[in-house]
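Geometric and topological summary
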Number of protein chains: 2
Amino acid sequence: MRLMPLMTKAFSILLLLLGVASAAAASPSLVLNEDDIGALREASGGLLETSLQANKIVADEAIAAGIVVPWPKDAGGGYTHEQHKRNYKAMYAAALQYQISGDTRYSHYVAEMLSAYADMYPQLDLHPEKKEQTPGKLFWQSLNEAVWLVYTSQAYDMVAETFSDELRDRLKNNLLFPVADYLSKGQPQTFDKIHNHGTWAVAAVGMVGYATGRDDYVEQALKGLDRRGNSGFYKQLDELFSPDGYYTEGPYYQRYALMPFVWFAKAIETNEPDKAIFKYRDGILLKAIYTTLELSYNGLFLPINDAIKDKGIKTEELVQALAIAYDITADKSLSDIARQQERVSLSAGGVALSKIIAEGEVVPYNYPSKVYRDGADGEQGALTLLRSGDNESGTLVVAKNTSQGMGHGHYDRLSWQFYDDGHEVVTDYGAARYLNVEAKYGGHYLTENKTWAKQTVAHNTLVVDKASQFDTDLDKANKNPAEQVAFIQDNVADISIGRINTAYEGVQLTRIQALVKPKSIEPFVIDVVSIESDTQHLYDLPLHFNGQVIDHNLENSESFNIWKPLGKSNGYQHMLLRSEGNSATTNNRLTWLMGDRFYSYTYGYQAESAKQANTLFFQLGANDPNHNLRRDQGVVRRLKADSAVMYAVLEPHGEYNGTAEYVRNSYSRVNSLDYKPTKTGAELTVDMGQGLTYTLILTKGDENSSLVKAKVIELSEN
Amino acid sequence: MRLMPLMTKAFSILLLLLGVASAAAASPSLVLNEDDIGALREASGGLLETSLQANKIVADEAIAAGIVVPWPKDAGGGYTHEQHKRNYKAMYAAALQYQISGDTRYSHYVAEMLSAYADMYPQLDLHPEKKEQTPGKLFWQSLNEAVWLVYTSQAYDMVAETFSDELRDRLKNNLLFPVADYLSKGQPQTFDKIHNHGTWAVAAVGMVGYATGRDDYVEQALKGLDRRGNSGFYKQLDELFSPDGYYTEGPYYQRYALMPFVWFAKAIETNEPDKAIFKYRDGILLKAIYTTLELSYNGLFLPINDAIKDKGIKTEELVQALAIAYDITADKSLSDIARQQERVSLSAGGVALSKIIAEGEVVPYNYPSKVYRDGADGEQGALTLLRSGDNESGTLVVAKNTSQGMGHGHYDRLSWQFYDDGHEVVTDYGAARYLNVEAKYGGHYLTENKTWAKQTVAHNTLVVDKASQFDTDLDKANKNPAEQVAFIQDNVADISIGRINTAYEGVQLTRIQALVKPKSIEPFVIDVVSIESDTQHLYDLPLHFNGQVIDHNLENSESFNIWKPLGKSNGYQHMLLRSEGNSATTNNRLTWLMGDRFYSYTYGYQAESAKQANTLFFQLGANDPNHNLRRDQGVVRRLKADSAVMYAVLEPHGEYNGTAEYVRNSYSRVNSLDYKPTKTGAELTVDMGQGLTYTLILTKGDENSSLVKAKVIELSEN
């Protein structure tokens, strides 16, 4: 500017007093950089507008509320805990608002807040309600302190240019460095841990490093406290994701873990583009983002392991991750996700995604049928998805042939889930928890998470002798993943084969699931559970489903007017028996109505040693004094045998239209199922009527007597 | 046109051969007239475009399928039944398509179809599967035949100009007149009946009259077979609706009954505007349309009496009625309904509504708190709605103080329903029926409709001695409506008082329900059930609710691991007892979570003769061998006393946000309820915390010892 120095200063003071936009703020260079701010200053309209307004509201309300920095006192959920959480979000929103508008009211607010923290922090001891292993100072646990610093270091970075040298030094020495020191050398066990808590700590310290020019912090963040690379960000990238970007606890926790990964990576990219962090390990971070997006149906995450079912792709973490992914890949199909998120990140990527949507240029995201390998080496089984159609109303089969997923894992190897027409149809209970609902055990995991949700019978997989897999021995379970034997795709069907022989002693389970995609009728599922055992066991195969039972064809069916629990432990104590009937060897059928569509499950078994098979209808609710469980329902197919095959077809069909008052195709298409062992394996033939038959051909391996290959053959008379 | 006559003719023949649009079709003059067709020809865009395309698809698909007029054979749901239904819709769609496009392919199709019917109809005897009382010829019941003629006469009217004189005569003499004759003098008992079946017959015959110039048909339609006015359309308008446009069976059946009323009225308006039919009986038809629209929540009809709960304002009947209402009233707020219907009628009204929406000029429809009187004279009780906010996410209390509602009525005088945040919260079971689902008893009403859905305990009203009202004696029930004692509205609350003393011998019930509308917190309900009796009875007050139980404060609460039915008859045989506890005299509390919101029900009782009161948690499912019932839940408040008052507050509060992971205000605001009899009546004081109290003051009548007035007083310390 070519004004006189004095004029300039006077003008600046005037601006300051009036709280009017200054000419131009220098751009930040952490997660948000020059490109982001440039894009944000020029953009308008669409989802971006909504998101900009939302940020302004947070910032304005924070300024209106004033600077409130209470002395740490309360545990999670309590007042001081929530206030310090509000503060870091407020600082971030205000700092960003300053960058977008140049309005110094926002930077002043951040300066005041940071100063208040700088006054207090050096005086703090460990938090009075500290968690034993991982205490914090501002918060009861250091995880929250790391999250606080991740946000706060970014806020500092966005407004630091407005500070005097003296203020900057004070904030660094009394606040940023002490918190970073505490989170690194102050708690090496967490900082160096290969775990998402470690990622938050590493990201926090690394971001302070970039924001203040402290290369030592950056180096420790990347390579661990001793800077040798046995811990730190790179090691976390190596070990916390599978080669396909799958996080072993499942998408619910993956979503949470993702935030520090992508934010810190973007900060690295801004400051050290030569490191090409997004190309590291064959682009593992982008894979992790794409995988998290894909492990969802109609906006909600697949409830794998401990997962709360109302969580989905609209969460803040995925909004941020999506924009960063777009920034790196320019993959236009990510706009299809942004459309569903109904908001965008305030960043260059967010601006671009909003523009694509506003201009009607959304490219549909192609959700693939795919094997997502589990384990850092990719050899701990897999989560396999078979898909037909889109992710909002199409058909999806989820085969869980993974490892245990650590402490949040469920004992559910070879379980499956089925989604169709926008609904969860064959269901997984998820976690027994009401997050943040104080009346429900303080919002923590409930007792029923252990007694029901984690148990094998709470899932759609085989229960042997009414026990859970590995007898719920976590150590044993951690050591024994399932095996993804095969994944086959052709024009007729997508097929997954999973196996485990460690879940129950002396019992090998192989499960073949085919999503058949006929041209003229709805996609349907063929499901074969092959059980090999030398001794006799009681086999229970549950099918948990959503919807109203329409009809079944069981013989000697008895309906009970008094409902009793199905057992005393391993989850059975929660299941009330409402009716039961005898299952024929084949062509048993159950039809239910879910939403506007009918679902028919046609099933049978093949087992020389079996006498009578039964089907039991159950509902949850026994031994649930606090009304903690949802009143979900299902059937259990029960069989006593040694080796056996339990097979089924699940088909969506027809339509119930309440508005126009018509119903079409309310009956199953399946005329018959025919299962036959063959010399090389087995064949299951499904007669779908109208001259259409499908044969699933299962083939044994050469040296191994177990099934290793599968194919579906379509035969049409027309 | 100034072409040579010969040229013109040659050109016409060419057009005919090519199936190209002719220059201009003469306008019809029945339900659709000159104005409608003119508007349709010029319009484009918005919802109209979608609706136009939908009509074209029906017409084109019908032409592609060809002329299929099978000899009548099957009952409802069977092939010939469905085909004749398809045919009248196809003729209507094609005839309209001809009017819009002038394309003679469409008129030819209608001509061919009508000719085929004219060939067949004179040969028909009564239908082989005929219904005893009301047989048809094309269909098993004459109702379907009337509906067929209502559509077919309109199709004829739209294309008749393209017919030769000879064809026109043949169609009149061999088809339209014979069907009209059969529906009038051929079945006087239906034609002259004051019932919606009669309305269809009258509309059909009257429309043939207008379309063919047969004034005698018109006169019979308007005034009955003997043309004296003791039956016919006017009489139906006099007797089938209450003065407020309420139809005694409830909105589900009202919606169905509406179609012939509004269509025939529009045909009268077109042909004899001097009759001012829409002004008849103080505009009763418009009142009926508005009332049907208002007896809904978030798009679905209130499930009053036998009602299937997935039916709502999107039905064809209401789409047609809405456009006709707009045509008469030019009430722009009807566009708010059209927006929710997501389509418009193909008529001038539909064009106008589509335009309002496309231009962003939608005016919100003002859903009122209102008493809808029941009975032709308006003196058979009332359905009373108390509202706050809009109809998609606002709060709605429904007080059912009506008459029985004839054969489809439920034994539920003084029952209530509660809607909030887009959800049904305090629920009514509706009808036990899966319409058109053949596996469910052919789609008819199920046994459980009688054993459960109609019973008193299936509703939110008092059950005395475990019996249903009037001991389910329909004659007695038909004779004894409830009384709408008062309806009071002021700034603080809307209040309804209902009463009945005939439902149970020796027991008078008065129910006061107030929807309180505080400025600073969510609206809430005060509910007082006042019972007067000289002898002791067992009182059960059920509360059927949607959602997950969060917490309750009952003492000595016991949860059962074996669930047993609550009784043997009157609906109790379907209810399984899952837990129970003792109720204190006051401040018992039950909190549940529905969608994103918490609901707390705080309750107590006042009864000198009562000893212990209990609260029973139940779920449906016993004595339901065919899985016909939904597994709904609720609580029953149980008390043994003579005179008693059972009072409660129901308050929506707080928020559960799964995406952003926070919960606020998950606890009830109510500190205490205090009920006190006074000299002049009684007072119920609700302490809502933070210095806010509300007192419901109930006042007795001068000569009558029962409560007749009510008022809510707000006291705020601030």
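Residues numbered from 1 in each chain as written. Chains lettered and ligands numbered in written order. Predicted model: local features only at pLDDT ≥ 70, side-chain atom pairs only at ≥ 80, totals over all residues. Heavy atoms only, no water.

Description of the sheet that holds strand 5 (residues 395–401) of chain B
All names here are of chain B. Ordered by their spatial adjacency, 5 strands build an open sheet running 3-4-5-6-7, and the pairing between neighbours is antiparallel. Edge positions in the open sheet fall to strand 3 (370–373) and strand 7 (423–426), since each of these has one partner strand only. Across the sheet, the axes of successive neighbouring strands diverge by a mean angle of 20 degrees, strand direction being ignored. Summarising the sheet, strand 5 and strand 6 (residues 415–420) pair through 5 bridges and their orientation is antiparallel. (Pairing = 2+ DSSP bridges. Helix = DSSP H or I, 4+ residues; strand = E, 2+ residues; numbered from the N terminus. Axes fitted to C-alpha atoms, helices over the stretch in contact; angles between N-to-C directions.)

Brief notes about the relation of the copies chain B and chain A
Superposing chain B onto chain A takes a rotation of 180 degrees combined with a translation of 0.0 Å along the rotation axis, leaving an RMSD of 0.1 Å. Classification of the inter-copy transformation places it as that of a two-fold axis. Every residue of chain B has its C-alpha some distance from the rotation axis, and the shortest such distance is that of Trp-563 of chain B, at 2.5 Å. Take the interface residues of chain B: 100% of them recur as interface residues in chain A, which is what a same-surface contact looks like. (Least-squares fit on C-alpha atoms with pLDDT ≥ 70 in both. Contact = heavy atoms within 4.5 Å.)

Looking at the pairing of strand 11 (residues 507–516) of chain A
Here strand 11 of chain A lies mainly inside the structure; 10 of its 10 residues are buried. With burial as the criterion, each face of strand 11 of chain A is covered, one bearing Val-507, Leu-509, Arg-511, Gln-513 and Leu-515 of chain A and the other bearing Gln-508, Thr-510, Ile-512, Ala-514 and Val-516 of chain A. (Buried < 20%, exposed > 50% of the residue type's maximum accessible area, 1.4 Å probe, protein only.)

Thoughts on the pattern of salt bridges
Evaluated as defined, the whole model comprises 68 salt bridges over all chains. Lys-309 of chain A is the partner of Glu-424 of chain A in a salt bridge, and the nearest nitrogen-oxygen pair spans 3.0 Å. Of this pair, Glu-424 of chain A sits in strand 7 (residues 423–426) while Lys-309 of chain A sits in the loop between strand 2 (300–301) and helix 14 (316–329); the two residues are 115 residues apart in sequence, bridging distant segments of the chain. A residue is classified by how much of its surface remains accessible, and Glu-424 of chain A, at 17% relative accessible area, is buried. With a shortest N-O distance of 3.3 Å, Arg-255 of chain B and Glu-661 of chain A are connected by a salt bridge. (Salt bridge = Lys/Arg side-chain N within 4 Å of Asp/Glu carboxyl O.)

A word on unusual backbone geometry
Residue and element names in this part refer to chain B. One non-glycine residue, Glu-342, lies in positive phi territory at about 65 degrees. Within the secondary structure, Glu-342 sits in the loop between helix 15 (334–341) and helix 16 (348–358). The phi dihedral of Asn-556 falls on the positive side, at around 50 degrees, and the residue is not glycine. Inspection of the secondary structure puts Asn-556 in strand 15 (residues 555–565).

Some words on the UniProt feature "domain: Heparinase II/III-like C-terminal" (unreviewed entry) in chain A
According to UniProt, the feature "domain: Heparinase II/III-like C-terminal" (unreviewed entry) maps to residues 374–584 of chain A in the numbering used here. Segment residues 374–584 of chain A splits into 6% helix and 46% strand. End C-alpha atoms: 38 Å apart. (UniProt positions renumbered as here; feature names shortened; annotations may be inferred.)

So, the packing of helix 3 (residues 46–65) of chain A against helix 16 (residues 348–358) of chain A
Residues and elements named next belong to chain A. Running from amino to carboxyl end, helix 3 crosses helix 16 at an angle of 135 degrees, the nearest separation of the two axes being 6 Å. Taken together, helix 3 and helix 16 sit at an angle that is classed as oblique. Where helix 3 approaches helix 16, its residues Gly-46, Leu-47 and Leu-48 are matched on the opposing element by Gly-350, Val-351, Ser-354 and Ile-357. Looking at the contact of helix 3 with helix 16 residue by residue, the class counts come to 4 nonpolar, 3 polar and no charged. (Parallel < 35°, antiparallel > 145°, perpendicular 65-115°, else oblique. Nonpolar A, V, L, I, M, F, W, Y, C, P; charged D, E, K, R; others polar.)

Remarks on the packing of aromatic side chains
Two aromatic rings, taken as a pair, are described by how far apart their centres are and by the angle between their planes. Residue and element names in this part refer to chain B. Enumeration over the complete set of coordinates arrives at 53 aromatic pairs over all chains. Pairing Tyr-117 with Trp-148 gives two aromatic rings, centres 4.9 Å apart and planes at 65 degrees, and the pair type is edge-to-face. Residue Tyr-117 is located in helix 5 (residues 104–120), and its partner Trp-148 is located in helix 6 (residues 142–159); the two are separated by 31 residues in the primary sequence. According to the relative accessible area criterion, Tyr-117 is buried, its value standing at 0%. Seen from their ring centres, Phe-233 and Phe-261 are 5.6 Å apart, and the 40 degrees between their planes marks the pair as tilted. In this pair, Phe-233 is assigned in helix 11 (residues 233–239) and Phe-261 in helix 12 (residues 251–271), connecting sequence segments 28 residues apart. Each member of the pair, Phe-233 as well as Phe-261, is classed as buried. (Phe/Tyr/Trp six-rings, centres within 6.5 Å; stacked < 30°, edge-to-face > 60°.)

Regarding helix 16 of chain A
All names here are of chain A. The complete set of buried residues in helix 16 reads Ala-348, Gly-349, Gly-350, Val-351, Leu-353, Ser-354 and Ile-356. In this structure, the buried side of helix 16 is in contact with helix 2 (34–42), helix 3, helix 14 and helix 15 (334–341). After helix 16 finishes, the residue Gly-360 shows a positive phi value of roughly 70 degrees.

Regarding the interface of chain B and chain A
Contacts between the two partners involve 50 residues from chain B, matched on the other side by 50 residues from chain A. Both faces combined, the contact of chain B with chain A buries some 4400 Å², and carbon together with sulfur accounts for 48% of it. Between chain B and chain A we count 6 salt bridges in total. A salt bridge links Lys-311 of chain A to Glu-661 of chain B; its shortest N-O distance comes to 2.9 Å. At the boundary of chain B and chain A, one finds 33 residue pairs in polar contact (both at pLDDT 80 or more). Elements represented by at least two residues in the side of chain B that touches chain A include exactly helix 12, strand 14 (548–552), strand 15, strand 16 (575–583), strand 19 (613–620) and strand 23 (662–664) of chain B. Of the residues belonging to the side of chain B that touches chain A, the class tally is 22 nonpolar, 14 polar and 14 charged. (Buried area = accessible area lost by both parts, 1.4 Å probe. Polar contact = N/O pair within 3.5 Å; in protein donor to acceptor, adjacent residues only side chain to side chain.)

Considerations on the nonpolar core
In terms of nonpolar packing, the biggest core is built from 130 residues, with Trp-148, Phe-233 and Phe-264 of chain B touching the most fellow members. When residues of this core are assigned to their parent elements, the largest contribution, 12 residues, is made by helix 12 of chain B. Leu-47, Ala-257, Ala-325 and Val-351 of chain A belong to the second-largest nonpolar core, a separate cluster that totals 129 residues. (Core = buried A, V, L, I, M, F, W, Y, C linked by side-chain atoms within 4.5 Å.)

Quick look at helix 10 (residues 215–223) of chain A
Residue and element names in this part refer to chain A. Restricting attention to buried positions, one finds in helix 10 the residues Tyr-217, Val-218, Gln-220, Ala-221 and Leu-222. On its buried face, helix 10 sits against helix 7 (165–183), helix 8 (188–191), helix 9 (196–212), helix 11 (233–239) and helix 12 (251–271). Where helix 10 ends, the next residue or the one after it, Gly-224, has phi of about 95 degrees, a positive value.

A few points about the domain arrangement of chain A
Along its sequence, chain A is organised into domain 1 (1–235) and domain 2 (370–716). Distance from the C-alpha centre of domain 1 of chain A to the C-alpha centre of domain 2 of chain A: 48 Å. (Domains from an automatic or database assignment.)

What about the side chain of Arg-387 of chain B?
All names here are of chain B. In this fold, Arg-387 is placed in strand 4 (residues 382–388). No salt bridge is formed by the buried Arg-387; the nearest opposite charge belongs to Glu-294, separated by 6.6 Å. Within the structure, the side chain of Arg-387 is placed 3.4 Å from the backbone oxygen of Ser-296, a separation counted as a polar contact. A polar atom in the side chain of Arg-387 sits 2.6 Å from the side chain of Asn-391. The contact partners of Arg-387, leaving out residues within four places of it in the chain, are Glu-294, Ser-296, Tyr-367, Pro-368, Ser-369, Thr-395, Leu-396, Asp-494, Leu-515 and Lys-517. (Lys, Arg positive; Asp, Glu negative; His and termini not counted.)

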